[in-house]
Amino acid sequence: MKRILIIEDETVIAEVEKDYLEASGYEVEVAESGVTGLQKAINEQYDLIILDLMLPGVDGFEICKQVRRVKNVPILMVSAKKEDIDKIRGLGLGADDYVIKPFSLGELVARVKAHLTRYDRLTNQARPADELHIRGIRIDRRARKVFVGGEELSLTSKEYDLLLFMALHPNRAFTKSELFEKIWGMDSLGDLATVTVYISKLREKIEPNPSKPQYIETIWGVGYRFNL
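Keep in mind the model is a prediction, meaning the values are calculated, not measured.

1. As for the packing of aromatic side chains
For the coordinates displayed, the defined rule picks out four aromatic pairs. Between Phe165 and Phe174, the aromatic rings sit 5.0 Å apart at their centres with planes inclined by 55 degrees, giving tilted as the arrangement. One exposure class covers both Phe165 and Phe174, and it is buried. Here a set of aromatic residues connected by ring pairs shows up, and it is made of Phe180, Trp184 and Tyr198. Across the ring face of Phe61, the terminal group of Arg89 is positioned such that the distance to the ring centre comes to 4.0 Å. The positively charged end of Arg138 is found above the aromatic ring belonging to Phe147, 4.1 Å away from the centroid.

Below you can see the structure in the form of structure tokens.
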């Protein structure tokens, strides 16, 4: 049974989410403060974390940053804050998704299921000896590691998934919608700005000059293409 951690200081919201997810077949724990949530997220094993942004003690941004240093578990950040800057910051710190309150419980379960399914499939599909070599980039599919010029990069789970998918389909243009569906496993549930943020973060890490990308090219009016 998949284990989910909810870090949410509003007890009513947390309990409703917990009940709905448990009814959907998940084992769920709740932490009602940032400090407790961070300790649980780092020291215990969970398959997915639902992380509120505004928390007492330690906020969601800091929790996300610290968890990402040691784990690739999917993180769904939830908040009543609708500003793009908060979405960009959360995704930039390694959150896999950003959900704006209020949202339906059906949508929450759909997002949880999609992230867990996608993470399991992409984690288990690599064969032991699989490696990709592309003009100075080496992708080790067995270890889920990426090296540029011999130096290992620090990538989040979704950054790795996006890079691997595009590298496996070179010279083909993908729309943002296609990339969102392939990597996040959802159709029209998410904000397509998520793809833009992740492309930008990847460019910062793999491109010699992110302002003039050699690997991930923008195809205006279409989307993005990975060049061999």
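2. Section: a negative patch on the surface
A cluster of acidic side chains, namely Asp9, Glu10, Glu15, Asp19 and Glu32, defines a negative patch on the protein surface. A relative accessible area of 30% means that Asp9 is categorised as partly exposed.

3. Some points on the pairing of strand S6 (residues 131–134)
Only one face of S6 is covered, namely the one carrying Leu132 and Ile134; the face carrying Glu131 and His133 has none of its residues buried. As paired strands, S6 and strand S7 (residues 137–140) are joined by four bridges and run antiparallel to one another. From the neighbouring strand, Glu131 faces S7, where its bridge partner is Asp140. Hairpin connection of S6 to S7: two residues between the antiparallel strands, including Arg135 at a positive phi of 40 degrees.

4. Points about the sheet that holds strand S10 (residues 173–175)
Strand pairing in a sheet takes place through backbone hydrogen bonds and is either antiparallel or parallel in direction. Taken in spatial order, the three strands line up as S10-S12-S11 in an open sheet, and their pairing is antiparallel. Bordering the open sheet on either side are S10 and strand S11 (216–219), each of which pairs with just one other strand. Averaged over all adjacent pairs, the angle separating strand axes in this sheet is 35 degrees, with direction ignored. Pairing geometry for S10 and strand S12 (residues 223–226), over three bridges, is antiparallel. In the sheet register, Phe174 faces S12, and the bridge partner there is Tyr224. Sheet contacts for helix H7 (residues 176–184): S10 and S12; angle to S10, the most-contacted strand, approximately 80 degrees. Together, S11 and S12 form the strand contacts of helix H8 (residues 193–206), whose direction differs from that of S11 by roughly 140 degrees.

5. A short note on the environment of Val67
On the secondary structure map, Val67 appears in helix H3 (residues 60–68). Judged by relative accessible area, Val67 falls into the buried class, the value being 0%. For the pair Val67 and Gln39, spaced 28 residues apart in sequence, the C-alpha separation works out to 9.5 Å. Each residue touching Val67, except ones within four places of it in the same chain, is listed here: Leu38, Ala41, Ile42, Ile49, Val73 and Ile75.

Basis of the calculations
- Residues numbered from 1 in each chain as written.
- Predicted model: local features only at pLDDT ≥ 70, side-chain atom pairs only at ≥ 80, totals over all residues.
- Heavy atoms only, no water.
- Phe/Tyr/Trp six-rings, centres within 6.5 Å; stacked < 30°, edge-to-face > 60°.
- Buried < 20%, exposed > 50% of the residue type's maximum accessible area, 1.4 Å probe, protein only.
- Lys NZ or Arg CZ within 6 Å of the ring centre and 35° of its normal.
- Patch = residues over 30% accessible without salt bridge, like charges linked within 9 Å, V, L, I, M, F, W, Y side chains within 5 Å.
- Areas by Shrake-Rupley, 256 points an atom, 1.4 Å probe, with all protein chains shown as cover.
- Salt bridge = Lys/Arg side-chain N within 4 Å of Asp/Glu carboxyl O.
- Lys, Arg positive; Asp, Glu negative; His and termini not counted.
- Charge placed at Lys NZ, Arg CZ, Asp CG, Glu CD.
- Helix = DSSP H or I, 4+ residues; strand = E, 2+ residues; numbered from the N terminus.
- Pairing = 2+ DSSP bridges.
- Axes fitted to C-alpha atoms, helices over the stretch in contact; angles between N-to-C directions.
- Contact = heavy atoms within 4.5 Å.

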